[in-house]
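# Architecture at a glance
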Amino acid sequence: MDVKNKVPEKNPCKDMPDDLYETFRKALSDTLAEKSGVLKDIQTQIDDALKKADVKPKKIEVEIFLVTLEEFIKEYAEDVAQDKAKSEADARSKFKDLNAYTYIMDKKTIKIKIFCKRSVIDAVIENDGEQHPLYRLIVHELVHAKLFSTTLSELPQDKFSENLKKEGRNDGTAPEVHPGDHNDQLSREVDRLLDGLLKKLKKEKDEDKQEKDPEKGKQKKEKGKEKEKNKTKGKEKEKDKDKGNEQEQDGEKRKKKHKEKRKEKKRASGKGKGRRKTSGNGRRKKRQEGSEAEER
Ligand SMILES: [Zn+2]
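What you see as residue numbers is a count from 1 along each chain, following the sequence as written. Side-chain atom pairs in this predicted model are given and counted only at pLDDT of 80 or more, local residue features only at pLDDT of at least 70, and totals for whole chains, interfaces and linings cover all residues.

## Observations concerning the overall build of the chain
- Runs of E in the DSSP output that reach at least two residues are strands. Runs of H or I that reach at least four are helices, and both are numbered from the N terminus. When helices and strands are counted, the chain shows 12 helices and five strands.
- Exposure is read from a count of other C-beta atoms within 10 Å of each residue's own; the residue is exposed at 12 or fewer, buried at 20 or more and partly exposed in between. C-beta atoms are placed from the backbone. Of all 296 residues assigned to the chain, the portion counted as buried reaches 32%.

Pasting the structure below:
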């Protein structure tokens, strides 16, 4: 799987403050980085599955995007809509119900569309917390891409390992804490990859610290020199910092607001977390075999 990060440098998501957009981009590139181990792990699984069945691997490209509703409506119509008349309504409902959508575009291309919307922005804000919802979202979609990649390599369905088969099902066995995970097998796979990613990131951070520590004195001196050289630059930096803090506070407020909202919704529906599990089951049936498109 050749994964291409198609998320642009310039923020296309008006609702996402620029500093959060940078956080989003960093989380995405950290997840896709070779040293994170996520893609390597996935590739090993694909290779093993194909090798066992004596199927030759194909070159599959996975493209990752962040899209607004308008972009998604347009691209959905071009890429996947079977019923053109219903296309816009389908795209709208996917955008509304999901945080991202992964689909097969042609015989060698898989696309992952992450949506520019409130719940994704919240996932970026909360990614620092214990649940790491943004990392989880990215890894979740990559697990779908793994299954599609295996399908596109023309591994026959009956040659799929039990694990892979199960990952493509919406069978109501997703754990309560992650109702969007479709089934317990996929959820475990996401947990496992996420765990590996977090360990790698932590290790990297610790190593960075160790490297910097003995040089602290030296770095400070150099920083001082730089400041003298370019005082205005320093001021600008401070300004940026202030801006960042403001946005962070905004984020906190939004987070609270969002949580309240969720609580209200839960009270209103009486179902809470189970909501996603049941939505759109009929439409998804076709996708259980991993032949068309998967979603979260
Ligand atoms: Zn999904």
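## Let's talk about the nonpolar core
- Put simply, a nonpolar core is a cluster of buried Ala, Val, Leu, Ile, Met, Phe, Trp, Tyr and Cys residues tied together by C-beta atoms within 7 Å. Counting residues in each nonpolar core, the largest one holds 57 residues, and the members touching the most others are Met1, Val62, Phe115, Val124, Leu134 and Val139.
- The element contributing the most residues to this core is helix H6 (residues 133-152), with 11 residues.
- Any residue pair is listed as a contact if its two C-beta atoms, each placed from the backbone, are within 7 Å. When neighbours within four sequence positions are excluded, Val62 is seen to be in contact with Met1, Asp2, Val3, Lys4, Ile110, Ile112 and Ala145.

## Considerations on helix H3 (residues 69-79)
- By the burial criterion, the buried members of H3 are Phe72, Ile73 and Tyr76. Projected down its long axis, H3 shows its buried positions confined to an angular sector of 105°, all on one face. Facing away from the buried side of H3 by over 90 degrees, the exposed positions are Glu70 and Glu78.
- Looking at the buried positions of H3, the neighbouring elements they touch are strand E2 (61-67), helix H4 (87-97) and strand E4 (109-115). Each direction from the helix axis to a C-beta atom contributes to the arc, which is the arc of those directions.

## Thoughts on the packing of helix H5 (residues 118-126) against H6
- Here the axes come from fitting lines to C-alpha atoms, over the contacting stretch only for helices, and the angles between their N-to-C directions go from 0 to 180 degrees. Remark: H5 packs on H6, axes separated minimally by 6 Å, with the N-to-C direction vectors making an angle of 120°. Classed by the angle they form, the pair H5 and H6 counts as oblique. On H6, the residues touching Ala123, Val124 and Glu126 of H5 are Pro133, Leu134 and Leu137.
- Each residue receives one of three labels: charged for Asp, Glu, Lys and Arg, nonpolar for Ala, Val, Leu, Ile, Met, Phe, Trp, Tyr, Cys and Pro, and polar for the others, Gly being one of them. Grouping the amino acids of the contact of H5 with H6 by side-chain chemistry returns five nonpolar, no polar and one charged. Convention used here: angles under 35 degrees read as roughly parallel, angles over 145 as roughly antiparallel, angles from 65 to 115 as roughly perpendicular, and any remaining angle as oblique.

## Some words on the environment of Ser149
- Topologically, Ser149 is positioned in helix H6.
- Each C-alpha atom of the pair Ser149 and Val62 lies 8.6 Å from the other, and the pair is 87 residues apart in sequence.
- In contact with Ser149, not counting residues within four places along its chain, are Met1, Ile46, Ile60 and Ile110.

## Focus on unusual backbone geometry
- Unusually for a residue other than glycine, His132 sits at a positive phi of about 45°.
- Note that His132 resides in the loop between H5 and H6.
- Positive phi, close to 65°, is recorded for Glu154, a residue that is not glycine.
- Position of Glu154 relative to the elements: it lies in the loop between H6 and helix H7 (162-167).

## So, H4
- For H4, every residue scored as buried is listed here: Ala91, Lys94 and Phe95. The buried residues of H4 occupy one face: seen down the axis, they fall within an arc of 100°. Exposed side chains of H4 directed beyond 90 degrees from the buried face belong to Ala89 and Lys96.

## Some details on the pairing of E2
- Most of E2 sits inside the fold, with five of its seven residues counted as buried.
- When DSSP locates at least two bridges between a pair of strands, those strands are taken to pair. Bridging between strand E1 (residues 2-5) and E2 involves four bridges; their strand directions are parallel. Its bridge partner lying in E2, Asp2 is registered against Glu61.
- Judged from the seven bridges that link them, E2 and E4 form a sheet pairing that is parallel. Each residue of the ladder has a partner; that of Phe65, found in E4, is Lys113.

## Remarks on the confidence of the model for the chain
- A residue-level look at the chain finds 72% of positions with pLDDT of 70 or above and a mean pLDDT of 82.
- Summary of the metric used: pLDDT quantifies the predictor's per-residue confidence within the range 0 to 100. Low confidence marks residues 241-251, where pLDDT is under 50. Its contacts with residues over four positions away, or in another chain, come to five contacts.

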